[in-house]
Amino acid sequence: DGGITQSPKYLFRKEGQNVTLSCEQNLNHDAMYWYRQDPGQGLRLIYYSQIVNDFQKGDIAEGYSVSREKKESFPLTVTSAQKNPTAFYLCASRPPGDRVIEAFFGQGTRLTVV
Amino acid sequence: GESVGLHLPTLSVQEGDNSIINCAYSNSASDYFIWYKQESGKGPQFIIDIRSNMDKRQGQRVTVLLNKTVKHLSLQIAATQPGDSAVYFCAGPNSGAGSYQLTFGKGTKLSVIP
């Protein structure tokens, strides 16, 4: 089955630690995205990548880093510089072509600072 | 860029009644909008989209209406069922990002009363 897989589903981080969230897709999509969702809020864009080895900052990139070494993978690292990392993180991908608009989402990773 | 927002953060409806979820947008040049459904602890799922050259689009039990004059769209769910309980987001293109980014509203939580 094609889709987007995020892992782990739940993640706990100690103060001062870096953690990496995994996002893999087998949909052959060029564009991939990371969003952050806080309770009662919409989705805010952290980083996005339109092509391998290229990525751009979104609206709230501070304290986060990404890489795009393979088309299928777009991991997100939450660094110790992110002061309030507890949130629900969503990865998405989008098919090629500027007239195709739908983004497909993974099931999310809930990150909690302990 | 685009700004989208839902009118009400919560909506409660009786099972079997119709639900109407509203959304306003700011960019009159937006050429499409998407409605997503997000169940608790899961990623958003595509429901329906509408292009700006349309006023209405129907799917299975759902209808989206677009009023470009007042920059407003709505999602209507017919014969609401308990499985419709979720958070619903409208999303529109962030024209300023240059890569077909989506800007999401904060969401309306729909609760269905049995």
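Residues numbered from 1 in each chain as written. Chains lettered and ligands numbered in written order. Predicted model: local features only at pLDDT ≥ 70, side-chain atom pairs only at ≥ 80, totals over all residues. Heavy atoms only, no water.

**Digging into a nonpolar patch on the surface**
Residue and element names in this part refer to chain A.
Thought 1: Together, Tyr 10, Phe 12 and Val 114 line one region of the surface with nonpolar side chains, adding up to about 370 Å² of accessible area.
Thought 2: Position of Tyr 10 among the secondary structure elements: in strand S2 (residues 10–13).
Thought 3: Taking relative accessible area as the criterion, Tyr 10 reaches 52% and is therefore assigned exposed. (Patch = residues over 30% accessible without salt bridge, like charges linked within 9 Å, V, L, I, M, F, W, Y side chains within 5 Å. Areas by Shrake-Rupley, 256 points an atom, 1.4 Å probe, with all protein chains shown as cover. Salt bridge = Lys/Arg side-chain N within 4 Å of Asp/Glu carboxyl O. Helix = DSSP H or I, 4+ residues; strand = E, 2+ residues; numbered from the N terminus. Buried < 20%, exposed > 50% of the residue type's maximum accessible area, 1.4 Å probe, protein only.)

**Details of the state of the cysteines**
Residue and element names in this part refer to chain A.
Thought 1: Scanning the model with the defined rule gives two disulfides over all chains in all.
Thought 2: Disulfide pairing places Cys 23 opposite Cys 91 at an S-S distance of 1.9 Å. Measuring handedness by torsion sign, the sulfur bridge of Cys 23 and Cys 91 sits at about -75° and is left-handed. Of the two residues, Cys 23 sits in strand S3 (residues 19–25) while Cys 91 sits in strand S9 (residues 87–94), which places them 68 residues apart along the sequence.
Thought 3: The buried category is assigned to Cys 23, whose relative accessible area is 0%.
Thought 4: The exposure class of Cys 91 is buried, given its relative accessible area of 0%. (Disulfide = S-S within 2.5 Å.)

**Notes on the pattern of salt bridges**
Thought 1: On inspection of all chains with the given rule, the structure shows eight salt bridges over all chains.
Thought 2: Taking the shortest distance from any N to any O, the salt bridge between Glu39(B) and Lys42(B) comes out at 3.5 Å.
Thought 3: The class of Glu39(B) is partly exposed, set by a relative accessible area of 25%.
Thought 4: Of the residues examined, Lys42(B) reaches a relative accessible area of 38% and is grouped as partly exposed.
Thought 5: The structure contains a network of salt bridges with shared partners spanning Arg36(A), Asp38(A) and Arg44(A).

**What to know about the packing of aromatic side chains**
Thought 1: In this structure the tally under the stated criterion is 12 aromatic pairs over all chains.
Thought 2: For the ring pair Phe105(A) and Phe104(B), a centre distance of 6.0 Å and an interplane angle of 75° mean the geometry is edge-to-face. Taken together, the positions of Phe105(A) in strand S10 (residues 104–105) and Phe104(B) in strand S10 (residues 101–104) put the pair across two chains. Phe104(B) shares its class with Phe105(A); the two are buried.
Thought 3: An aromatic cluster of at least three residues, connected via ring pairs, comprises Tyr33(A), Tyr35(A), Tyr48(A), Phe105(A), Tyr36(B), Phe46(B), Phe89(B) and Phe104(B).
Thought 4: Stacked on the ring of Phe74(A), the Lys or Arg Arg68(A) has its end atom at 5.9 Å from the ring centre. (Phe/Tyr/Trp six-rings, centres within 6.5 Å; stacked < 30°, edge-to-face > 60°. Lys NZ or Arg CZ within 6 Å of the ring centre and 35° of its normal.)

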